[in-house]
Amino acid sequence: NAKITDIKIMNKSIALASIESTYKERIFIGTSPVVKIDGKWKLIRGIPGAGYVEFSTKSNRDKVEVEVEKAINSYSSALKSGDMTEIKKYIMIPPDANQDRLEEHFKAISEEPKSNIKVTAKGIKVISDTFAIAQIEVKRDHFSFTENHAVGKENGQWKVLFGPTLTNSAIPIGDKPVEVE
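Visitor: Before we go on, may I ask you to explain the packing of aromatic side chains in this structure?
Guide: The relative placement of two aromatic rings is captured by the distance of their centres and the angle of their planes. The full count for this structure, using the stated rule, is two aromatic pairs. Both rings, one in Tyr-23 and one in Phe-28, keep their centres 5.6 Å apart while their planes meet at 90°; by these two values the pair is edge-to-face. On the basis of relative accessible area, Phe-28 is assigned to the partly exposed category, the value being 34%. Taken together, a centroid distance of 6.3 Å and an interplanar angle of 10° make the contact between Phe-143 and Phe-145 stacked. For Phe-145, a relative accessible area of 34% corresponds to the partly exposed category.

Visitor: Where do I start with the pairing of strand β8 (residues 144–154) in this structure?
Guide: The side chains of a regular strand alternate between both faces of the sheet. Both strand β7 (residues 131–139) and β8 contribute to a ladder of nine bridges, which runs antiparallel. Counted as the bridge partner of Gln-135 is Asn-148 from β8. Adjacent in sequence and paired antiparallel, β7 and β8 are bridged by four residues. Pairing geometry for β8 and strand β9 (residues 157–161), over four bridges, is antiparallel. Directly across from Val-151, in β9, lies its bridge partner Val-160.

Visitor: Help me understand the nonpolar core in this model?
Guide: One broad trend across soluble globular proteins is that nonpolar side chains are buried collectively. The biggest cluster of nonpolar side chains holds 25 residues, and the ones touching the most others in it are Val-68, Ile-72, Tyr-75, Leu-79, Ile-87, Val-119 and Ile-136. For this core, the leading source of residues is helix α1 (residues 63–81), giving six residues. Counting residues in each nonpolar core, the second largest holds 12 residues, with Met-10, Val-35, Met-92 and Ala-150 among its members.

Visitor: Just to check I follow, could you spell out the pattern of salt bridges for this structure?
Guide: Where charged atoms from two side chains of opposite charge come close, those side chains can pair. Enumeration over the complete set of coordinates arrives at seven salt bridges. Residue Glu-86 pairs with Lys-89 through a salt bridge whose shortest N-O separation is 2.9 Å. The exposure class of Glu-86 is partly exposed, given its relative accessible area of 24%. Residue Glu-137 is joined to Lys-122 by a salt bridge in which the shortest nitrogen-to-oxygen separation is 3.9 Å. Of this pair, Glu-137 sits in strand β7 while Lys-122 is found in strand β6 (residues 118–128), placing the two residues 15 residues apart along the sequence. Through salt bridges with shared partners, a single network forms among Lys-63, Glu-67 and Lys-153.

Visitor: What's the story with unusual backbone geometry in this structure? I'm lost.
Guide: Note: most residues except glycine have negative phi, and most peptide bonds are trans. Positioned with a positive phi, Asp-38 is a non-glycine residue whose angle comes to about 50°. Tracing the backbone shows Asp-38 in the loop between β3 (26–37) and β4 (40–43). Look at Asp-38 and you get exposed, because its relative accessible area is 77%. Of note, the phi angle at Asn-155 is positive, near 55°, even though the residue is not glycine. Looking at where Asn-155 falls in the secondary structure, it is placed in the loop between β8 and β9.

Procedures and definitions
Residues numbered from 1 in each chain as written. Predicted model: local features only at pLDDT ≥ 70, side-chain atom pairs only at ≥ 80, totals over all residues. Heavy atoms only, no water. Phe/Tyr/Trp six-rings, centres within 6.5 Å; stacked < 30°, edge-to-face > 60°. Buried < 20%, exposed > 50% of the residue type's maximum accessible area, 1.4 Å probe, protein only. Pairing = 2+ DSSP bridges. Helix = DSSP H or I, 4+ residues; strand = E, 2+ residues; numbered from the N terminus. Core = buried A, V, L, I, M, F, W, Y, C linked by side-chain atoms within 4.5 Å. Salt bridge = Lys/Arg side-chain N within 4 Å of Asp/Glu carboxyl O.

This is the structure:
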C-alpha cells in the first residue's frame, strides 16, 4: 500500500512528493522528486542514501553537471556573505510557501556565523534538462552533514530547491507497539 502524503509543486516541471509505503514488515517514508519529462510527470525513485557518493570523473562530466556545481558553489558563497538577496538567487521557493515563516527562516540564516560554513557538492546526478540530484555536504567548525538535495532550473538558472531534502527511511513494524505519551 503506497500513498502520497504531501506534494509541493515547485514550477511547471518540478515537484517534491512525500510518500508512505506500507509493507508486511516495514513502513517506508521518503521525499522524492517528481519531474516532467517529455510532457509526462515521472516519480524519481531509487535515490541512494546520503552516505553513498558516486563521483564523476573529470573526463565524463558534462556541461550541465558543471553548471549545477557552479550554482551550488555560488549558493555557498552567498551563504558566507549573509546577503539574503544573493542567497535567494540560488534557491527555488515553492509558490505556496508561507512568506512570514520564510522571512523568519532567512532572518535566522542571516544572523548565523558565516566564516565557518562551507557548502560542497559531493556528487551530482543529472536527471533531465531541468532537474538534478546533488549530494551536498555542509561543514561548520564542529560538525558536518551530507544530504541529497533537489536542484532545478528556473528561468535559465540552476537553484537548490527550498524545502525537504530527498530522503528514504524504513521503520520496522512490530507486533508489540509501545505507546509514547
